[in-house]
Amino acid sequence: MQYWLFKSEPETFSIDDLAKATGKTTCWDGVRNYQVRNFMRDVMKRGDLAFFYHSSCAVPGITGVISITRTAYPDHTQFDHEHVHYDADSKPDTPRWLMVDVKLERKLKRIITLDELRQHEHQLKELLILKRGNRLSVTPLSSDEWNYILSLE
DNA sequence: GCCAACGTTGGC
DNA sequence: GCCAACGTTGGC
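Residues numbered from 1 in each chain as written. Chains lettered and ligands numbered in written order. Predicted model: local features only at pLDDT ≥ 70, side-chain atom pairs only at ≥ 80, totals over all residues. Heavy atoms only, no water.

Novice: Would you take a moment to explain helix α4 (residues 143–152) for this structure?
Specialist: Residue pairs three or four apart in sequence face the same way in an α-helix, which turns once every 3.6 residues. Among all positions in α4, only Glu 145, Trp 146, Ile 149 and Leu 152 are buried. All buried residues of α4 lie within an arc of 120 degrees about the axis, which places them on one face of the element. Seen from the buried face of α4, the exposed residues on the opposite side, beyond 90 degrees, are Asp 144 and Ser 151. (Buried < 20%, exposed > 50% of the residue type's maximum accessible area, 1.4 Å probe, protein only. Helix = DSSP H or I, 4+ residues; strand = E, 2+ residues; numbered from the N terminus. Arc of directions from axis to C-beta.)

In structure tokens form, the structure reads like this:
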């Protein structure tokens, strides 16, 4: 089982939006990066756990724990002309982009901020989100990193 | 296959 | 709003 970190801009989709969703479950559409698509296609399994991270906001940080409830399947928004994530080059018989379903397990008792994570750089120096220039919207992390971060809560 | 230009991300 | 970093595009 693999651990992950999912970024989302709370103005677009926040942890509270997920909490309000039917069954606290949503499809994670909109991934348009090949590396992330390959993570979803090749590695991500049902039951994997992930942190829900708020980015591009006043207080960036980890706000909750989610789980993968459905493995990769075609992202329908790539075929929707009206959608911002429409991809004219992707054909229905060979879909380019995939998504998974995720479910909210729980909100953290408090947000573990990016600033706080940086203060633990010694233990988290391999954490991809702390590395300069990292822009992947979904990144893997080790069980040691997972447990260490949860211990901060 | 190279690489400059361009678009996007995301912290600040 | 700025800008560094990085992925993608497209001309050659």
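Alright, that's what it looks like, and here's the rest.
Novice: Is there a simple way to think about unusual backbone geometry in this case?
Specialist: Phi is mostly negative for residues that are not glycine, and the peptide bonds are mostly trans. Phi at Lys 24 is positive, roughly 50 degrees, even though this residue is not glycine. Along the chain, Lys 24 turns up in the loop between α1 (15–20) and β2 (25–27). Even without being a glycine, Ser 56 presents a positive backbone phi close to 50 degrees. When you line up the elements, Ser 56 lands in the loop between β3 (49–54) and β4 (61–74).

Novice: Can you walk me through the protein's contact with DNA strand B in this structure?
Specialist: Close contacts around DNA strand B come from Lys 7, Tyr 53, Ser 55, Ser 56, Pro 60, Leu 114, Arg 118 and Arg 135, and that covers them all. Take the atoms of DNA strand B that sit within 4 Å of the protein: sugar and phosphate atoms are 75% of them. In this structure, a base oxygen belonging to DNA strand B sits 3.1 Å away from a side-chain N or O atom of Arg 135. Taken together, the residues that form the surface near DNA strand B break down as three nonpolar, two polar and three charged. (Near = heavy atom within 4 Å. Polar contact = N/O pair within 3.5 Å; in protein donor to acceptor, adjacent residues only side chain to side chain. Nonpolar A, V, L, I, M, F, W, Y, C, P; charged D, E, K, R; others polar.)

Novice: I would appreciate a short explanation of the layout of surface pockets in the present structure.
Specialist: Empty space among the atoms becomes visible once a probe the size of a water molecule is rolled across them. Of the pockets and cavities examined, the largest pocket occupies roughly 570 Å³. Around the largest pocket, the lining comprises 20 residues; the ones closest to its centre are Lys 7, Ser 8, Trp 28, Asp 29 and Gly 30. Its residues assigned to classes, the lining of the largest pocket comprises six nonpolar, nine polar and five charged. (1 Å grid on protein atoms, 1.4 Å probe; cavity = no way out; pocket = protein on both sides within 12 Å on 5 of 7 lines; lining within 4 Å. Points joined across faces, edges and corners; volume = space filled by probe spheres on them.)

Novice: Looking at this structure, how should I read the protein's contact with DNA strand C?
Specialist: All residues in the neighbourhood of DNA strand C are listed as Tyr 34, Arg 132, Gly 133 and Arg 135. Class assignment for the residues of the surface near DNA strand C results in one nonpolar, one polar and two charged.

Novice: Would you take a moment to explain the pattern of salt bridges for this structure?
Specialist: Where charged atoms of side chains with opposite charge meet at close range, the side chains can pair. Going through the model one piece at a time under the given rule, you end up with seven salt bridges. Between Asp 87 and Arg 96 there is a salt bridge, with its nearest N and O atoms 3.3 Å apart. Looking at Arg 96, the relative accessible area reads 27%, which means it is partly exposed. Across the pair Glu 153 and Lys 109 runs a salt bridge whose closest N-O atoms are separated by 3.8 Å. A residue pair is termed long-range when its members are at least 10 positions apart, and Glu 153 in the segment after α4 and Lys 109 in strand β5 (residues 98–113) qualify at 44 residues. For Lys 109, a relative accessible area of 71% corresponds to the exposed category. Salt bridges here are not isolated pairs; linked through shared partners, they connect Arg 106, Lys 109 and Glu 153. (Salt bridge = Lys/Arg side-chain N within 4 Å of Asp/Glu carboxyl O.)

Novice: For this particular structure, what's the right way to read the pairing of β4?
Specialist: Where a strand is regular, its side chains alternate between the two sheet faces. The pairing of β3 with β4 spans six bridges and is antiparallel. When the sheet's bridge partners are listed, His 54 is paired in β4 with Gly 61. Linking β3 to β4, which pair antiparallel, is a turn of six residues; within it Ser 56 sits at a positive phi near 50 degrees. Where β4 meets β5, ten bridges bridge the pair, whose relative direction is antiparallel. When the sheet's bridge partners are listed, Ser 67 is paired in β5 with Lys 103. (Pairing = 2+ DSSP bridges.)

Novice: What is the right way to read the sheet that holds β4 from this model?
Specialist: The strands making up a sheet associate through hydrogen bonds between their backbones, and the pairing can be parallel or antiparallel. In spatial order, the strands read β2-β5-β4-β3-β1-β6; together these six strands make up an open sheet with mixed pairing. The open sheet terminates on both sides in strands that have one partner only, identified here as β2 and β6 (138–141). Between one strand and the next, the sheet's axes are offset by a mean angle of 35 degrees, whatever the strand orientation. Pairing of β2 with β5 involves three bridges; the strand directions are antiparallel. Residue pairing in the sheet places Cys 27 in a bridge with Asp 101 of β5. (Axes fitted to C-alpha atoms, helices over the stretch in contact; angles between N-to-C directions.)

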